[in-house]
Amino acid sequence: MSTPASLAAAGHQLVLELTRRYTEPHRRYHDIRHIAQMLAWGMEVGLDDAQVWAIWFHDAVYDPRRPDNEEQSAVLAERCLLASGHGQDLVNVVTQIVRDTRTHTPTVRESGLVLDLDLGTLALPWDAFCNNTAAIRGEYAHVDDASFATGRRRFMAGLLERPRLFFTPWGEKREATARANITRFLNDSGAD
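Numbering of residues starts from 1 in every chain and runs along the sequence as written. Only residues with pLDDT of 70 or above have their local features reported here, since the model is predicted, and side-chain atom pairs are shown and tallied only from 80 upward, although totals for entire chains, interfaces and linings are computed over all residues. Excluded from the side-chain calculation are hydrogens and water; included are all heavy atoms of the structure.

Engineer: I'd like a description of the nonpolar core, backed by residues and values.
Structural biologist: Here, nonpolar core means buried Ala, Val, Leu, Ile, Met, Phe, Trp, Tyr and Cys residues that are tied together by side-chain atoms lying within 4.5 Å of each other. Burial classes follow relative accessibility: with a 1.4 Å probe on protein chains only, a residue under 20% of its type's maximum area counts as buried, one over 50% as exposed, and anything between as partly exposed. Residues Trp53, Phe57, Leu81 and Val94 are the most contacted members of the largest nonpolar core, which totals 28 residues. By the criteria applied, helices consist of DSSP H or I runs no shorter than four residues and strands consist of E runs no shorter than two, each listed in order from the N terminus. Within the residue set of this core, elements represented by two or more residues are α1 (4-22), α2 (32-45), α3 (49-57), α4 (69-83), α5 (88-100) and α6 (111-119). Broken down by element, the residue count for this core peaks at 6 residues, all from α3. Among residues more than four places away in sequence, those in contact with Phe57 are Leu14, Leu18, Tyr22, Ser73, Leu76, Ala77, Cys80, Leu81 and Val98. By definition in these notes, contact holds between two residues if any of their heavy atoms fall within 4.5 Å.

What follows is the structure, given as structure tokens:
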């Protein structure tokens, strides 16, 4: 049976491993700064343990060439958290939150806040929004400009079509700004 001290030691090792992943050279947006921003915002509203681990794991596996990063991140979370002595109930919630980041639709109560924190950058001031878009473009250097632009417009237009981007009071305060940024992006990029 794990003791609090052994769980803490395992947690420290896990955070070190996850930090290594989030500092991989191909990451420009989905990096340690993204995790730090989500955790800082989360401190404003309070996160439970599952939400903290879900933030750490949600982009732990990130290869812009693969369509299954969220699933692979959930599998990694399950393996690492169980190996470090965390209980199955917590692991189940963490892995479901991580899987929910694929569609940004919550399927468990704890997902809403993590999803909101993940998309919170959509509501940053316009210059920061543009910088994030440029960083994401850097992660997709293997994609030609036209294909990237089409894919990015499709993603943004899909977000705009949703009845809501955010699911919690924290996120709802950012809804109008995020929608304005997305609309401006689509107008500036020539989307219909």
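Engineer: So what about the pattern of salt bridges? Which residues, and what values?
Structural biologist: Salt bridge, as used here, is a side-chain nitrogen of Lys or Arg placed within 4 Å of a carboxyl oxygen of Asp or Glu. Applying the stated criterion across every chain, the model contains 12 salt bridges. For Glu17, the salt bridge is made with Arg20, and the minimal N-O distance between the two is 2.7 Å. Here Arg20 and Glu17 lie together in helix α1, a separation of 3 residues that amounts to about one turn. With relative accessibility at 43%, the residue Arg20 sits in the partly exposed group.

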